[in-house]
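Notes for the structure review
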Amino acid sequence: MPKGIAASPGIAMGKAYILEKEEYCILEYKIKKEEVEQELKRFETAVENSKKDLGKIKKRVEEEMGEKEAYIFQAHLYILEDPLFIQDITRRIKRQRLNAETAVRRTLEVFEAKFASARAEFVRRRFGDVEDVGGHILRNLLKRPTRTLSHLEEDIIVVADDLAPSDTASMQKGRILGFATNVGGRTSHSAIMARSMEIPAVVGLRDITKKVEPGSVVILDGNRGRVIINPSFQQLENYRKKKKRFISHKKNLATLRSLPAQTLDGREVSLAANIAAPEEVELAVREGAEGIGLYRTEYLYMNRSSLPSEDEQIEAYKKVIEKAAPNSVIIRTLDLGGDKFISHFPVPAEINPFMGWRAIRLCLERVDIFETQLRAILRASRFGNGKIMYPMISGVEEIRKVNQILAGIKEKLRREGTPFAENVEAGIMIEIPSAAVIADLLAKEVDFFSLGTNDLIQYSLAVDRVNEKVAYLYQPLHPTILRLIDNVIKCAHREGIWVGVCGEMASDPLSVLILLGLGVDEFSVAPTSLLEIKKIIRSAEWEETQEIAVKMLKSKTSYEAKRLAERRLSRRIKRIVRGNNNAG
Ligand code: PEP
Ligand code: MG
C-alpha cells in the first residue's frame, strides 16, 4: 500500500486520472553572433506572451475560485519580472550563444539546485513555482498548447508527479475528488490547494504515477497518507464506512465553531490561527479562530524582485486586520535568514545560518527595512486590532533598541500627521533559550510573550529542526523544555502579561493539554487544526491538567514525562483525534 504524506484530510474513492509530467523536446544548439538579437527578441516575446497567459489565468481563477486561489499567479507574474531569473537566461543567450529554449532549461536546472539546498521545506517546494513559470515560457517558445484539466466527463482522482498552479487553475470544479502526487510536502502548492478546495490529498508518494494504471480504481486516504490501488470489495466497504465516520466527525467538529475554547471546569483560553498569506485569514475566521496569533510576514517578501513598499504592506496587513476584527492580529516582523531567504536580498553565506545574521538581528542593522514594516503595521492597525511581535529576541538590550526604534517611528508619524494606531501592543517570540531563562527581565519590557516552540526546542536541545538524522532528539516533552516553558509562564504572569504558544507544540493534542496545565493563555495553530484542538480543550478538566503538569515537571526524561501524560490523557484524546477516530 503506497504511503506518503497526509496533506489534506478526507477520503476519496474513484477512477485515477494520470496527469503525465510535461516533457519538452528541446533541440540544443548554438546561435551565431548576429542571431543573438533575434533570439533575445524571441525570448522577450515568449515572456510577454507568458505574462498574458498568466494574467488571463489569474483573472479566471479570481472570478471562479476567489482572490486567495489567484494570489499564486500574481507570484508567478513576479517571477517573470525577477531580474535574477530573467537575466540568467538572457546572459546565456548573449554570452554562451545558446538558443532560448536551452537557456531557459539551463537556468531552471541552476535554480532547482539552489532551491534544493534550502533547509526549509517550504522554500525547497517553491521551486515548483519557478518550474511552472519556466513551463509557460517554454510552451510559448515551442508554440505548444497548455495542458488542462477542464472538460472532464466524470469524477476523477488526479495522480501526478506534482501539480503546478496552472494545473490546479484549470481544474473543473466538483469533478476532482482528490490528488495523489509523487513529490511534495505539507506546504507544497498541491497540498495547500487541496486543503483550500477541501478535498483529500496524499503527496510525497515517490512513484505513484508508475504504480497506478489510468482508469483504475483507487482509494485516497488523506487522513493517514495512504493510497490503495485496485482495492478489494472488502476494502471499499471498509473505506465507505470510514468516509461516513469522517464526514460525521467533521460535522460534529463544525458545531464547535462559535463555542469558546473552555475546559469542563471553566478555564477559558484564546484559540487563534497561524497564517502566512493574507488570504488564509478567511479560512481561519470560517473555522472560528479568535484572531491571528502569528502572521508570518516573510512570504510577503518572497517571489518578487524588490522589497514590498509601505503601501503594499499596509494593504496586506489591513486586509487581515479587517477580516479578523474585532479579534486581534499578531503581525510578526520579518523573520528572514536562517533557512528563509529571498532572492533579491543578499544574505551572506554563513556556516551557521540558524545562529547567524537573521530576523531581528538583520532588522536592527537594516533599519530602513524594519522601519517600513513597522510604519505599515502601525498604520494598518487603525483598521482593527493589530499587534506587533518581534522574532528571535535573545536579551534585554535588543528589545530596548527595538522599543526605541518604535517610539521614534511613532514620533515621526505624529509629526507628519499620518494617522496610525497609538496603542499597538508589542510582544516577543520566546524561541531562544536565553530569552526563556531571563523571562522575568523581558516581561518588564513587553506586552506579551509567544512561545516559538519550534525554535525553542531546536536551540535548547541543539537539534536541527529539519535534520531527520537527529529527529529522535527533538523532544518537546524534554525536562528542559518543560522547565523553560514553566519559567516563562510564571515570570509573565507575575508581571501581569499573557503567554501564547504559536509553535507546532500547540497543534499536538497531548502537548496542548500539558501546556494548558502549565498555564498558557493562548494557543495559535494552523486553521485546519483549530476545531480539533478546541474539542480537546473542551474535553479537559483544567485542574487535572495542572496536576499532571506538576508531576511532569519532576520527570527525569522525555519518555517518563510522555508516559505519565499518556497514561492519564491518551484514551480521551484518541476518542477525539481524527486519525484514530478513523482507524481500523
Ligand atoms: C517557532 O519557532 O516556533 C515559530 C512559530 O516560528 P517559525 O516556525 O516561523 O520559526
Ligand atoms: Mg521561530
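Residues numbered from 1 in each chain as written. Chains lettered and ligands numbered in written order. Predicted model: local features only at pLDDT ≥ 70, side-chain atom pairs only at ≥ 80, totals over all residues. Heavy atoms only, no water.

Across its full length, the protein chain holds 24 helices and 16 strands. What you see for the protein chain is a C-alpha radius of gyration of 25 Å, in line with the 25 Å of a compact globule of 584 residues. On the principal axes, the C-alpha backbone points of the protein chain span a range of 75 × 70 × 45 Å. Counting across all 584 residues of the protein chain, residues that qualify as buried make up 55%. The long-range share in the protein chain, meaning contacts at least 24 apart out of those at least 6 apart in sequence, stands at 68%. With the model as given, the accessible surface of the protein chain reaches about 26000 Å², and the carbon-plus-sulfur share is 50%. Within the protein chain, one finds 92 positive and 82 negative side-chain charges whose respective centroids are separated by 4 Å. (Helix = DSSP H or I, 4+ residues; strand = E, 2+ residues; numbered from the N terminus. Rg over C-alpha atoms; globule rule 2.2 N^0.38 Å. Buried < 20%, exposed > 50% of the residue type's maximum accessible area, 1.4 Å probe, protein only. Contact = heavy atoms within 4.5 Å. Areas by Shrake-Rupley, 256 points an atom, 1.4 Å probe, with all protein chains shown as cover. Lys, Arg positive; Asp, Glu negative; His and termini not counted. Charge placed at Lys NZ, Arg CZ, Asp CG, Glu CD.)

Let us look at the side chain of glutamate 39. With respect to the secondary-structure elements, glutamate 39 resides in helix α1 (residues 36-64). Using a relative accessible area of 7% as the deciding quantity, one classes glutamate 39 as buried. Among residues more than four places away in sequence, those in contact with glutamate 39 are Tyr29, Ile31, Ile93, Leu98, Asn99, Ala100 and Glu101.

The extent of an interface is frequently quoted as the accessible surface area lost upon association of the parts. You can read the domains of the protein chain as domain 1 (5-21 + 148-230), domain 2 (33-142) and domain 3 (263-554). Relative to domain 3, the C-alpha centre of domain 1 lies at a distance of 33 Å. (Domains from an automatic or database assignment.)

Relative to strand β7 (residues 226-229), strand β6 (residues 217-221) is paired through 4 bridges, and the arrangement is antiparallel. Note on β7: the bridge partner recorded for isoleucine 219 is isoleucine 228. Hairpin connection between β6 and β7: a loop of 4 residues separates the two successive antiparallel strands, and glycine 225 in this loop has a positive phi of roughly 70°. (Pairing = 2+ DSSP bridges.)

For the magnesium ion (ligand 2), the protein coordination sphere consists of Glu431 (OE) and Asp455 (OD), at 2.0 to 2.2 Å. Separated by 24 residues along the polypeptide, glutamate 431 in the loop between β13 (426-430) and α16 (433-437) and aspartate 455 in helix α18 (residues 453-460) bring together distant segments of the chain. The pair formed by glutamate 431 and aspartate 455 is uniform in burial state, with each residue classed as buried. (Donors = N, O, S within 2.8 Å, 3.2 Å for Na, K, Ca; no water.)

For α18, a buried count of 7 out of 8 residues is recorded, marking the element as mostly surrounded by other parts of the structure. When α18 is considered as a whole, its buried residues turn out to be Thr453, Asn454, Asp455, Leu456, Ile457, Gln458 and Tyr459. Just downstream of α18 lies alanine 462, where phi reads positive at about 55°.

Right, let's get into the environment of alanine 436. Residue position: alanine 436 is located in helix α16. Relative accessible area serves as the criterion here: at 0%, alanine 436 is assigned to the buried category. Along the chain, alanine 436 and isoleucine 199 lie 237 residues apart, while their C-alpha atoms are 40 Å from each other. Ignoring any residue separated from it by four or fewer positions in sequence, one finds alanine 436 in contact with Ile430, Leu456, Leu484, Asn487 and Val488.

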